[in-house]
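Secondary and tertiary structure notes
Below are the chains, spelled out letter by letter.
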Amino acid sequence: MDNMKLAELLFPHITKSPEEYEDIFPVRELPEGARVTRMAPSPTGFIHLGNLFSAFADERLAHQSGGVFYLRIEDTDDKRYVEGAVETIVNVLDYFQINFDEGAGITGDKGDYGPYHQSQRAELYQTFVKKMVQNGQAYPCFLTEEELSDIRAQQEAIKANPGIYGKWAVSRDLTLEQIEENLKAGKPYVMRLKSKGQDLPPEEMKTITVNDAIRGDITMPENNMDLVILKATGIPTYHFAHVIDDHFMRTTHVVRGEEWLSSLPLHVELFETMGWPHPVYCHTAHLMKIDETGNKRKLSKRKDPELSLDYYRRDGYHPMAVREYLLNILNSNFEEWRIANPDAPIDEFQFTAEKMSNSGALFDLNKLSDVCKDVLVKIPAAELCQFMIDWAKEFRPEILPLFEGNEAYIEQILDLGRTGNKPRKDLVCAVQIFDFIKYFFDDHFVIENELPENVSKEDAKAILETYLAGYDHNDDQSVWFDKIRTFGAEMGYAAKPKDFKKNPDMYKGHVGDVSTVVRLAVTGRSQSPDIWGIQQILGEERTIERVKAYAAQF
RNA sequence: GGCCCCAUGGUCAAGUGGUUAAGACAUCGCCCUUUCACGGCGGUAACCCGGGUUCGAACCCCGGUGGGGUCACCA
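Every value quoted in this text rests on a predicted model; they were computed, and no experiment measured them.

Observations concerning the sheet that holds strand E1 (residues 36-39)
Here 3 strands make up an open sheet; going across it, the order is E1-E2-E3 and the pairing parallel. At either end of the open sheet lies a strand with only one pairing partner, and these are E1 and strand E3 (102-103). The pairing of E1 with strand E2 (residues 68-71) spans 4 bridges and is classified as parallel. Residue pairing across strands places valine 36 opposite valine 68, the latter belonging to E2. Here helix H3 (residues 49-64) sits on the sheet in contact with E1 and E2, set at roughly 160° to E1.

In structure tokens:
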């Protein structure tokens, strides 16, 4: 077989030499130890938590080392393309404050290593396939779908591994004449790697060992499959594009999910075939969840709404909080660092691939809430208010007017109990915040809870009327509360809860019960921040109105 | 099924041959307190199983079991 002739026959239009590309895409000039990473999504426009999780790792790795983080679109599968996908990807990541230095962008590609859409790189890929043909490392395969499934059936019958390898790789033996004939007949074909791996029983297979930055040494049988590198369309498969692109975009670290582990031997063989070193691989564990049957399982796009990033945006989880949570599960020592450095900017934490977990973390909404509370308590009210406005604009336009134009009022509300050295940590996400403060808006104010069991309706009415009679909006907090204590005591409620606890038979209840009645009148619920503070924000008129209205119910 | 990855409390996890087996979340109790939070103190709770190596194993080796992944002209 004349490989040179075959190469010309297959790729007459390829005229550039492989060496030229080394000059077009020179090794990057970066500081020592700088890392070049990438996010390489397929353009379905759907970005989920797992994508964000590894994008975050990529971004940290690059930006902590003075390197480059870029976006490459893996659009080798035309069926998957969704209009506006790049825009979605960039916007979503931007929301979580993850920014690209180069690569595909909303207004076009940016950077010297492009194009950053794989669909635009056909010539590059084909140049190297041509080279492989010349070296006898790749060959055309004309097998039809039927023939392929026939081979599979035969393999199943004798319990052989499925795939094109060893003696099953029949197209390896095609003569130049046969190929020429097929070509003339216009038969579609793919290009396959001519694997050097041998078809041996598993225990006799040669092995390869790769040092994974997360998992350490991984030993696997070498690849022996003649996998497709160029589809019939002339566009490469993921495997081949990965090798070419990450070489020429000079990627140093590839962070990807563990589902790629099984194709690692193929990628290693491809890099070896090309004569290039492979990048450092970081295979991350999948995010898991407990399903209905109590089993751990991979989070699935279809079934688990919490995997969708929209879910967090819709519920209004603050990007800072999501970042913080993600870092929690990304690097196990982050939490310790955060406790030691409560106020340090998150970017000061030194992220390392080595500290990434190699078992699948269960997604924990509880923990996320806790992280949110800690993060939000540090965000100034004005900023939170703006956050609520932005969120409402997109997801709850009907409540937007409550916020927009009322910033001063909202900020007072958000800061209720948050000042001082023991600030309340009540705020989790926008949906919850709105629910938490909605009694401040007359249209959303309703009585939600029942009277305490120690308080009769008659007493409730009396409490409210007495409260109203002695109400002075200008009282300071202690005067205000003393009044409640005093008339409560006169009505048979212990002035101190402890007294009631000691002698429950001597009292109807305690001052807490009395204040709860007031609380119900003012907020509609039995639990809230400090009533006095709420009344100050509400104003005298609305406070009195609410107390009157509630008293009228009894 | 072949191959690969993984395995410490309910969850996330420290831990790399000798530890009272950290810490965080959740949970429970107490304290603080006008409710709820916040905060403080304390409690319950773990090395998947079986062999080996060793004076000694959560840790090393082998074999199970369980969970996950993968076996496409998808990525």
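A word on the environment of glutamate 354
With respect to the secondary-structure elements, glutamate 354 resides in the loop between helix H12 (334-340) and helix H13 (365-376). Residues glutamate 354 and aspartate 77 lie 277 residues apart in sequence; the distance between their C-alpha atoms is 33 Å.

Considerations on the sheet that holds strand E5 (residues 190-193)
Within the open sheet, the 3 strands sit side by side as E4-E5-E8. Their pairing is antiparallel. Each having just a single partner strand, strand E4 (138-141) and strand E8 (228-230) make up the two edges of the open sheet. Mean inter-strand twist for the sheet, computed between neighbouring axes without regard to direction, equals 45°. Looking at chain direction, E5 and E8 are connected through 2 bridges and run antiparallel. Residue arginine 192 lies in a different strand from E8, and its bridge partner there is valine 228.

Re the packing of helix H18 (residues 457-469) against helix H19 (residues 477-490)
Packing of H18 against H19 brings their axes to within 11 Å, and their N-to-C directions diverge by 140°. Comparing the axis directions of H18 and H19 gives the class oblique. Crossing of H18 over H19 shows right-handed handedness. On H19, the residues touching Ile463, Thr466 and Tyr467 of H18 are Trp480, Ile484 and Phe487. Residues that form the contact of H18 with H19 fall into these classes: 5 nonpolar, 1 polar and no charged.

Side note on the protein's contact with RNA strand B
Among the 59 residues in the neighbourhood of RNA strand B, the closest are listed as Thr76, Arg152, Arg215, Lys231 and Glu335. When the atoms of RNA strand B within 4 Å of the protein are grouped by moiety, sugar and phosphate amount to 71% of the total. Lysine 355 is positioned such that a nitrogen or oxygen atom in its side chain is 3.4 Å from a phosphate oxygen of RNA strand B. Within the backbone of serine 528, a nitrogen or oxygen atom sits 2.6 Å from a base nitrogen of RNA strand B. Looking at the surface near RNA strand B, the elements with two or more residues in it are E5, strand E7 (216-221), strand E12 (296-298), H13, H19, helix H20 (497-502) and helix H21 (511-523). With 4 residues, the single largest contributor to the surface near RNA strand B is H21. Taken together, the residues of the surface near RNA strand B sort by class into 19 nonpolar, 16 polar and 24 charged.

Description of a negative patch on the surface
Among the surface-exposed residues, Glu145, Glu146, Glu147 and Asp150 lie close enough to one another that they form a single negatively charged patch. Within the secondary structure, glutamate 145 sits in helix H6 (residues 145-157). Given a relative accessible area of 68%, glutamate 145 falls into the exposed group.

Remarks on the state of the cysteines
Note on terminology: a disulfide is the covalent bond linking the sulfur atoms of two cysteines. Per the stated rule, a full pass over the model turns up 0 disulfides. Considering cysteine sulfurs only, cysteine 429 is the nearest to cysteine 372, which forms no disulfide, with 6.8 Å between them. Among the residues examined, cysteine 372 registers a relative accessible area of 0% and is labelled buried. Between cysteine 385, a free cysteine, and cysteine 429, which holds the nearest cysteine sulfur, the sulfur-to-sulfur gap is 16 Å.

With respect to the pairing of E4
What you see with E4 is no split at all: Ala138 and Pro140 on one side and Tyr139 and Cys141 on the other are buried throughout. With 4 bridges connecting them, E4 and E5 associate as antiparallel partners. Across the sheet, alanine 138 pairs through a bridge with leucine 193, a residue of E5.

A few points about the packing of aromatic side chains
Scanning the entire structure with this criterion turns up 27 aromatic pairs. For the ring pair tyrosine 21 and phenylalanine 248, a centre distance of 6.2 Å and an interplane angle of 55° mean the geometry is tilted. Pair noted here: tyrosine 21 is in helix H2 (residues 18-24) and phenylalanine 248 is in helix H8 (residues 238-248), with a separation of 227 residues, a long-range link. On the basis of relative accessible area, phenylalanine 248 is assigned to the buried category, the value being 0%. Note on tyrosine 238 and tryptophan 260: the rings are 4.0 Å apart at their centroids and 25° apart in plane angle, and the pair reads as stacked. Taken together, the positions of tyrosine 238 in helix H8 and tryptophan 260 in the loop between strand E9 (253-257) and helix H9 (264-274) put the pair 22 residues apart, joining distant regions of the chain. Ring pairs connect the aromatic residues Tyr21, Phe25, Tyr113, Phe128, Phe248 and Trp276, which therefore count as one cluster. The aromatic ring of tyrosine 113 is capped on one face by arginine 28, whose charged end is 4.0 Å from the ring centroid.

Rules used throughout
Residues numbered from 1 in each chain as written. Chains lettered and ligands numbered in written order. Predicted model: local features only at pLDDT ≥ 70, side-chain atom pairs only at ≥ 80, totals over all residues. Heavy atoms only, no water. Pairing = 2+ DSSP bridges. Helix = DSSP H or I, 4+ residues; strand = E, 2+ residues; numbered from the N terminus. Contact = heavy atoms within 4.5 Å. Axes fitted to C-alpha atoms, helices over the stretch in contact; angles between N-to-C directions. Parallel < 35°, antiparallel > 145°, perpendicular 65-115°, else oblique. Left-handed = near helix turned anticlockwise from the far one by under 90°. Nonpolar A, V, L, I, M, F, W, Y, C, P; charged D, E, K, R; others polar. Near = heavy atom within 4 Å. Polar contact = N/O pair within 3.5 Å; in protein donor to acceptor, adjacent residues only side chain to side chain. Patch = residues over 30% accessible without salt bridge, like charges linked within 9 Å, V, L, I, M, F, W, Y side chains within 5 Å. Areas by Shrake-Rupley, 256 points an atom, 1.4 Å probe, with all protein chains shown as cover. Salt bridge = Lys/Arg side-chain N within 4 Å of Asp/Glu carboxyl O. Lys, Arg positive; Asp, Glu negative; His and termini not counted. Charge placed at Lys NZ, Arg CZ, Asp CG, Glu CD. Buried < 20%, exposed > 50% of the residue type's maximum accessible area, 1.4 Å probe, protein only. Disulfide = S-S within 2.5 Å. Phe/Tyr/Trp six-rings, centres within 6.5 Å; stacked < 30°, edge-to-face > 60°. Lys NZ or Arg CZ within 6 Å of the ring centre and 35° of its normal.

Purely geometric numbers; function is a separate question.
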